[in-house]
Amino acid sequence: MKRVKQTVTLKDLAKRTGYSVNTVSRALRGKDDISEETIELIKKEAKEMGYINNTIASSLRLGYTNTIAVILGDISNPHFAIMTKEIENHARGLGYSSFLLNTNENSGIERDAIKTAINKNVDGIIICPAQEDDSNLKFLLDSGVPFIQIGRYHDTVDANYVVCDDVLGGYQAVHYLIENGHKKILMLNGPSYISSARERRMGYGKALAEAGIEVDEKLVREIDVSRSNCSGVVEQVLEEGLEFTAIFAFSDILAWEAWTCLHKKGIRIPEDISLVGFDHIQSRMALPFDLTTISSYKAKMSITAVECLSCKINRDYGREGHCEEICHHVIATNLVKGETVRDIRG
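Please read these numbers as outputs of a predicted model, since none were measured by experiment.

As for the pattern of salt bridges
For the structure shown, the criterion picks out 13 salt bridges. With a closest N to O distance of 3.5 Å, D134 and K138 form a salt bridge. We classify K138 as partly exposed; its relative accessible area is 41%. Of the charged contacts, one joins D343 and R345 as a salt bridge, the two residues approaching to 2.6 Å between their closest N and O atoms.

Here it is in structure tokens:
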């Protein structure tokens, strides 16, 4: 038997309360020409009857929906999950509902996600771009929908972004390893088309150069973030017989995968190999091992992104907003010392 959908309407509320449909509508929107007593009564009845505001109708009338889309690369990664929670919490506090779209780091899926968000008439978009090319970002720019990039940015398109200082983070990680006597440092990096991977590689090189250590390009390996072949890369490095005493990984996820691979081969962390990750995921997770890592301040990035986007949306609708025309926010990183780095200076 087909289920009959029964929706409480403004007309139903008007009949129950004895007020006109117009009065009920204005009361639910808290208009100041309706008495507080009437507003309270009508909202009480609406709650009891299970009335749900028709946001589609409201958006057609007002021009905005109070919704934002969050488009991220891989929600199975705790780094993105933490950011999603922070974005959702802060957006709700500013009066926005948010919904999540996952791209699997695929440009085609990302284009579909952008189209879905636009078709749902969102007020704005927060996106961590896949970055295989810049066509999707240009498409988004041409759409006129306010947006901000988070975690990564396209340097070929002048658009809003909030990122951590990836150069500084890469430098801090490698400098700390060098301080502990390490000179042969394997870098397990993300693909070079990703801005954060390029900049962490720059920080890696900067720390080595400062210490007078020449970069061995054989010790810089790229990992496909969409299918994570980290174990295969680590095994290949071991088979090649390359000498290294430490690993700097593009992310905590890659650090954990490398750790698992080494453990299976009887190689101990940090007794045999020291290890530094990036993202400080353990700030929100209780795990039985304490990874040395770089904090990218995920919460600060997320909150900054929401506040910046809100300003863009407000200005778009003629409301008060204080952001610059184009906003570039770069948040400093911090080394978080764990138990995965050993001093080998003797």
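Still more ground to cover, so stick around.
Structural notes on the side chain of T103
As for its placement among the helices and strands, T103 is situated in the loop between β2 (97–102) and α6 (107–119). Excluding anything up to four places from it in sequence, T103 contacts I71, L72, G73, I109 and E110.

Some words on the sheet that holds strand β9 (residues 274–276)
One open sheet holds the four strands; their spatial order is β7-β6-β8-β9, and the pairing between them is parallel. Where the open sheet ends on each side, the last strands, each with one partner, are β7 (220–222) and β9. Neighbouring strand axes in the sheet, compared pairwise and without regard to direction, differ in orientation by 20 degrees on average. Packing against the sheet, helix α8 (residues 166–179) makes contact with β6 (185–189), β8 (246–249) and β9, and its axis sits at approximately 170 degrees to β8. Along the sheet, helix α11 (residues 252–264) contacts β6, β8 and β9; its crossing angle with β8, the most-contacted strand, is approximately 145 degrees.

Considering helix α9 (residues 195–210)
Taking 1.5 Å per residue, 16 residues should reach 22 Å; α9 reaches 23 Å between its end C-alpha atoms and fits that length. Among the residues making up α9, those that are buried are S195, S196, A197, E199, R200, G203, Y204, G205, A207 and L208. Buried residues in α9 make contact with β5 (161–164), α8, β6, β7 and β8. At the exit of α9 stands G212, carrying a positive phi of roughly 75 degrees.

Description of the environment of T116
With respect to the helices and strands, T116 occurs in helix α6. Each C-alpha atom of the pair T116 and L101 lies 8.9 Å from the other, and the pair is 15 residues apart in sequence.

Parameters at a glance
- Residues numbered from 1 in each chain as written.
- Predicted model: local features only at pLDDT ≥ 70, side-chain atom pairs only at ≥ 80, totals over all residues.
- Heavy atoms only, no water.
- Salt bridge = Lys/Arg side-chain N within 4 Å of Asp/Glu carboxyl O.
- Buried < 20%, exposed > 50% of the residue type's maximum accessible area, 1.4 Å probe, protein only.
- Helix = DSSP H or I, 4+ residues; strand = E, 2+ residues; numbered from the N terminus.
- Contact = heavy atoms within 4.5 Å.
- Pairing = 2+ DSSP bridges.
- Axes fitted to C-alpha atoms, helices over the stretch in contact; angles between N-to-C directions.
- Expected span 1.5 Å × (residues − 1).

Such coordinate-based values are descriptive only and should not be taken to indicate function.
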